[in-house]
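# Secondary and tertiary structure notes
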There are 2 protein chains.
Amino acid sequence: MSTAERKAREKEALKSLILKGAKKLFIEKGIDQTTIRNIADEIDYSVGTVYVYFKDKNAILHDLHSIGFHELGGYFKGLFAILDPMERLKEMGRVYIKFAMENQEMYDLMFNLKAPMEFLESSEEGGWNEGVETFGSVKTTVEQCMEKGHFKGHLAEPLSFMIWSMVHGMCSLEIRQRTKGVKFSKPESILFDGYKEYVKMIGKL
Amino acid sequence: MSTAERKAREKEALKSLILKGAKKLFIEKGIDQTTIRNIADEIDYSVGTVYVYFKDKNAILHDLHSIGFHELGGYFKGLFAILDPMERLKEMGRVYIKFAMENQEMYDLMFNLKAPMEFLESSEEGGWNEGVETFGSVKTTVEQCMEKGHFKGHLAEPLSFMIWSMVHGMCSLEIRQRTKGVKFSKPESILFDGYKEYVKMIGKL
DNA sequence: ATTATTTTTGAACGTTGTTCATTTTTTGAA
DNA sequence: TTCAAAAAATGAACAACGTTCAAAAATAAT
């Protein structure tokens, strides 16, 4: 291997190390309680070094948001082995909620925080590919449901958006503490009870 | 009137002035681009004065979040003049979305930002009364729908939560720029098209 | 008029994201 | 091995933030 190649690999390795440290701290103490100095300390490098590898904090948040989508992809893997699109749509909701609950800070980064979108605006990347792809898998499944005779009278794209909204809405309210506020009869299982309603709902459409 | 009474009134007036200035700046340039110094400048007082009237920034954000709920109440006023609960539920969704789109920063404060909930935790207030009350009006309407024979097989509370989640989800995705990312066929009307699906959906339940 | 109380002030503190001249390390030809 | 050039890492310094508090100014009470 050439020296240049090795250097390039080392650069990538350090970039990954920074992201790994950042993710660890994000999960441990929350995203807005984590500073660049914290991240630098965590991996035994100086603040300056972090800025050699990332333009600014938004760049770190964006890269981590992409990693989040990759992890969501892991949860979604196997979903298309379910051939019945209706069953797949139900399972997709369950898995989405599971991901959100098991990765709350990452979910927040992916779907709530402004930083990753601000990064996109200030860069020449095409667009929000991660979001496009994820929404695409919902939309495809909805279209297959319609081909099988479900969702009569509905339009695939806006309906897919509403299904996404419904599941995202409950995860978002939970993560942003709005469910704790509203005193539910069974607060400990409101997400699961909500999911059961979701299953009934799409079954009726 | 006594001097004490007048002073108490003046204190309230200045508190309102601070909130008014804060709200203006929030709407003009966004919540996280607004600093305490900005607010103080806006109303021609010093930073120190702001801290005499508010414990910290969270306290301002919480009070403004309460004002937001009062404004949402204005949008909701008249909703219970619609006697048919099904029609009322549909209209409730429309009005909720209208409020969210016309008051994006306030909506963000009410349902997305952590600050108002953090303030609640660090104070001895009972709970999130604003949220409880708003959710209550959805739940009441859903229960009335069920009394009229709709939503068979559903549970009122989790179903209400899902309906709230659905409408909140779309507003939240829009406000947090996640709809711009996903390239919809008709991006300019995705919220309205989504609302039409919402109407169809609850009509089928 | 004088004193006591209340209200307002803004300099100062610790922390944040960010920059960049300087130092340290690594490289490859002599 | 030696050493100048290139690359990588550093951390002091900056501006701006939320927050505090001793001092000053304004008002009320005697």
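Before any of the text, the structure's been laid out above.
Described in the following lines is the structure provided in the data block. (Residues numbered from 1 in each chain as written. Chains lettered and ligands numbered in written order. Predicted model: local features only at pLDDT ≥ 70, side-chain atom pairs only at ≥ 80, totals over all residues. Heavy atoms only, no water.)

## Let's talk about the protein's contact with DNA strand C
Not every one of the 20 residues close to DNA strand C is listed here, only the nearest: Arg 6, Tyr 51 and Lys 57 of chain A together with Thr 49 and Tyr 53 of chain B. Expressed as a percentage, the sugar and phosphate content of the atoms of DNA strand C within 4 Å of the protein is 64%. Tyr 51 of chain A places a side-chain nitrogen or oxygen 2.7 Å from a phosphate oxygen of DNA strand C. Thr 49 of chain B places a polar side-chain atom, nitrogen or oxygen, 2.8 Å from a phosphate oxygen of DNA strand C. Counting only elements with at least two residues in the surface near DNA strand C, the list comes to helix H1 (3–29) and helix H2 (36–42) of chain A together with helix H1 (3–29) and helix H3 (47–53) of chain B. Element by element, the count of residues in the surface near DNA strand C is highest for H3 of chain B, at 5 residues. Its residues assigned to classes, the surface near DNA strand C shows 7 nonpolar, 6 polar and 7 charged. (Near = heavy atom within 4 Å. Polar contact = N/O pair within 3.5 Å; in protein donor to acceptor, adjacent residues only side chain to side chain. Helix = DSSP H or I, 4+ residues; strand = E, 2+ residues; numbered from the N terminus. Nonpolar A, V, L, I, M, F, W, Y, C, P; charged D, E, K, R; others polar.)

## Topic: the pattern of salt bridges
Pairs can form between side chains of opposite charge whenever their charged atoms are close. All names here are of chain A. Counted under the stated rule, the structure contains 27 salt bridges over all chains. The partner of Asp 56 in a salt bridge is Lys 55, and the shortest N-O contact between them spans 3.2 Å. A residue is classified by how much of its surface remains accessible, and Lys 55, at 54% relative accessible area, is exposed. Notably, a salt bridge pairs Arg 176 with Asp 108, separated by 2.9 Å at the nearest N-O pair. Within this pair, whereas Arg 176 is found in the loop between helix H9 (156–175) and helix H10 (178–181), its partner Asp 108 is found in helix H6 (residues 104–111), the two being separated by 68 residues in sequence. Each member of the salt-bridge network shares a partner with another, and the members are Lys 24, Glu 28 and Glu 42. (Salt bridge = Lys/Arg side-chain N within 4 Å of Asp/Glu carboxyl O. Buried < 20%, exposed > 50% of the residue type's maximum accessible area, 1.4 Å probe, protein only.)

## A few points about the protein's contact with DNA strand D
Around DNA strand D, 19 residues are found, and the nearest of them are Thr 49 and Tyr 53 of chain A together with Arg 6, Tyr 51 and Lys 57 of chain B. Among all atoms of DNA strand D positioned within 4 Å of the protein, those belonging to sugar or phosphate total 63%. Ser 46 of chain A places a polar main-chain atom, nitrogen or oxygen, 2.9 Å from a phosphate oxygen of DNA strand D. A distance of 2.6 Å separates a phosphate oxygen of DNA strand D from a polar side-chain atom of Tyr 53 of chain A.

## Things to note about the packing of helix H5 (residues 85–102) of chain A against helix H11 (residues 190–204) of chain A
Residue and element names in this part refer to chain A. Taken N-terminus to C-terminus, the directions of H5 and H11 make an angle of 160 degrees; their axes are 10 Å apart at the nearest point. Between H5 and H11, the angle is such that the two are roughly antiparallel. Where H5 crosses over H11, the handedness of that crossing is right-handed. Along the contact surface, H5 presents Met 86, Leu 89, Lys 90, Glu 91, Gly 93, Arg 94, Ile 97 and Met 101, while H11 presents Leu 191, Tyr 195, Tyr 198, Val 199, Ile 202 and Gly 203. (Axes fitted to C-alpha atoms, helices over the stretch in contact; angles between N-to-C directions. Parallel < 35°, antiparallel > 145°, perpendicular 65-115°, else oblique. Left-handed = near helix turned anticlockwise from the far one by under 90°. Contact = heavy atoms within 4.5 Å.)

## A closer look at the nonpolar core
Phe 161 of chain A together with Phe 161 of chain B are the most contacted members of the largest nonpolar core, which has 88 residues in total. If we skip the residues at most four places from it in the chain, Phe 161 of chain B touches Met 170, Leu 173, Thr 179, Phe 184, Ile 190 and Leu 191 of chain A together with Phe 135 of chain B. Judged by nonpolar contacts, the second largest core, of 23 residues, contains Tyr 53, Met 106, Ala 115 and Phe 119 of chain B. (Core = buried A, V, L, I, M, F, W, Y, C linked by side-chain atoms within 4.5 Å.)

## Digging into the interface of chain B and chain A
Taken together, the contact pairs 54 residues of chain B with 54 residues of chain A. In this assembly, chain B packs against chain A so that about 4800 Å² is buried in total across both faces, 64% of it on carbon and sulfur atoms. Of all residues in chain B, Phe 161, Met 162 and Arg 178 of chain B bury the most surface against chain A, accounting for 16% of the area lost on that side. Our count for the contact surface shared by chain B and chain A stands at 2 salt bridges. For Asp 108 of chain B, the salt bridge is made with Lys 114 of chain A, and the minimal N-O distance between the two is 3.6 Å. Along the contact surface separating chain B from chain A lie 22 residue pairs in polar contact (both at pLDDT 80 or more). (Buried area = accessible area lost by both parts, 1.4 Å probe.)

## Some thoughts on unusual backbone geometry
Positioned with a positive phi, Phe 151 of chain A is a non-glycine residue whose angle comes to about 55 degrees. Position of Phe 151 of chain A among the secondary structure elements: in the loop between helix H8 (129–147) and H9. Despite not being glycine, Asp 44 of chain B has its phi angle at roughly 60 degrees, a positive value. Note on placement: Asp 44 of chain B falls in the loop between helix H2 (36–42) and H3.

That is the geometry; function is a separate question.
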